[in-house]
Amino acid sequence: MRESLQKSILPFGFIFLYGSGFIFTQYGLQNSTPMAFLGIRFFIAFCILVLIAYFFKMPFPKNKKEFFHISIAGSLTVGTFSIGVFLSISYGISGAINALIISLQPIIVTVLALNFLKEKITIRVWIGLALGFLGVFFVVISKLNVEDFSMIGIFCSLVALAGLSFGSLYQKKYCTGMNLYSGGAIQTLSATILTLPFLFFEDIYITWNIDFFIALFYMAVGVSIGALSLLYIMIKNGEVSKVSSIFYLVPVSAAIVSYFLLNEKLELNVIIGIITVIIGITLINKR
């Protein structure tokens, strides 16, 4: 009963935190350059996780190999993904196009898991993956704008997609025994270091106002610590192809949070998309 309840709560907790993170990102980028915001966010998360690990005496990796694997997984899932998305936004790619590109992640991970992790994929799962992607398209279609297309921006989005996809597989294959706090500290430190070279290529500015602090705190604690910890727990306990399917719900969560916080309308296409995504995820995860 407890295991069943955990499997039900974790995905919803992750989706709420991760999806609403896109809303708070908008506030952060209105008051800061992308890499400055990311670097500070990752470093704050690192400091918090180190303090928790030290205070509660959490075990750190016992050897360099384990430390290396955790660092690589963090550089991909946390660093590469976030840097790619933030750069694509800075080059004018809208959140809708980013959401559509990132929603290819479940399909890519499923194909890779089939070959590298030897997971068994049924025809029902493939149908669910197709429906999930179609549902995301309906959710974001009203916000798609051909004028948003920038080749370098699209490239950054694809880099983010690759980082999230390969990072999830790497996490499943090499880091399932990782402690969430000590391992999370290593991963957020790796992501922090990854942002440093990009700081030399942007004119850094930060407006230290309440909106910036709220966005920074939420992204550091709610997303970099909370959401990613839930994701790693789900990857550890389940098939990575099925876990990845919940990323279809990220644009759905963002649309719902925007409805309540930003007074955006839930148009008919969004409602159709939400229903389609739910049907797709149900097919994927049905036993």
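Quick note: structure is the one above.
All figures in this text were calculated on a predicted structure; none of them were measured in a lab.

Visitor: Would you mind showing me how to read the overall build of the chain here?
Guide: In terms of regular secondary structure, the chain is built from twelve helices and zero strands. In terms of overall size, the chain behaves like a compact globule, its C-alpha atoms giving a radius of gyration of 18 Å where 287 residues would be expected to give roughly 19 Å. By principal-axis analysis of the C-alpha atoms, the chain measures approximately 45 × 40 × 35 Å. Within the chain, the fraction of its 287 residues that count as buried is 51%. Residue pairs in contact within the chain that sit at least 24 positions apart in sequence constitute 91% of those at least 6 positions apart. On the chain, roughly 14300 Å² of surface is accessible, and the fraction owed to carbon and sulfur atoms is 71%.

Visitor: It is not clear to me how the environment of Lys120 should be interpreted in this structure. Could you clarify?
Guide: Position of Lys120 among the secondary structure elements: in the loop between α5 (105–116) and α6 (123–140). C-alpha separation for the pair Lys120 and Thr110, spaced ten residues apart in sequence, amounts to 9.4 Å.

Visitor: Explain the packing of helix α4 (residues 95–102) against α6 here, please?
Guide: The angle between the axes and the distance between the axes are what describe a pair of packed helices. Remark: α4 packs on α6, axes separated minimally by 10 Å, with the N-to-C direction vectors making an angle of 180 degrees. Taken together, the axis directions place α4 and α6 in an arrangement best described as roughly antiparallel. Seen from α4, the contacting residues are Ala96, Ala99 and Leu100; seen from α6, they are Phe133, Val136, Phe137 and Val140.

Calculation notes
- Residues numbered from 1 in each chain as written.
- Predicted model: local features only at pLDDT ≥ 70, side-chain atom pairs only at ≥ 80, totals over all residues.
- Heavy atoms only, no water.
- Helix = DSSP H or I, 4+ residues; strand = E, 2+ residues; numbered from the N terminus.
- Rg over C-alpha atoms; globule rule 2.2 N^0.38 Å.
- Buried < 20%, exposed > 50% of the residue type's maximum accessible area, 1.4 Å probe, protein only.
- Contact = heavy atoms within 4.5 Å.
- Areas by Shrake-Rupley, 256 points an atom, 1.4 Å probe, with all protein chains shown as cover.
- Axes fitted to C-alpha atoms, helices over the stretch in contact; angles between N-to-C directions.
- Parallel < 35°, antiparallel > 145°, perpendicular 65-115°, else oblique.

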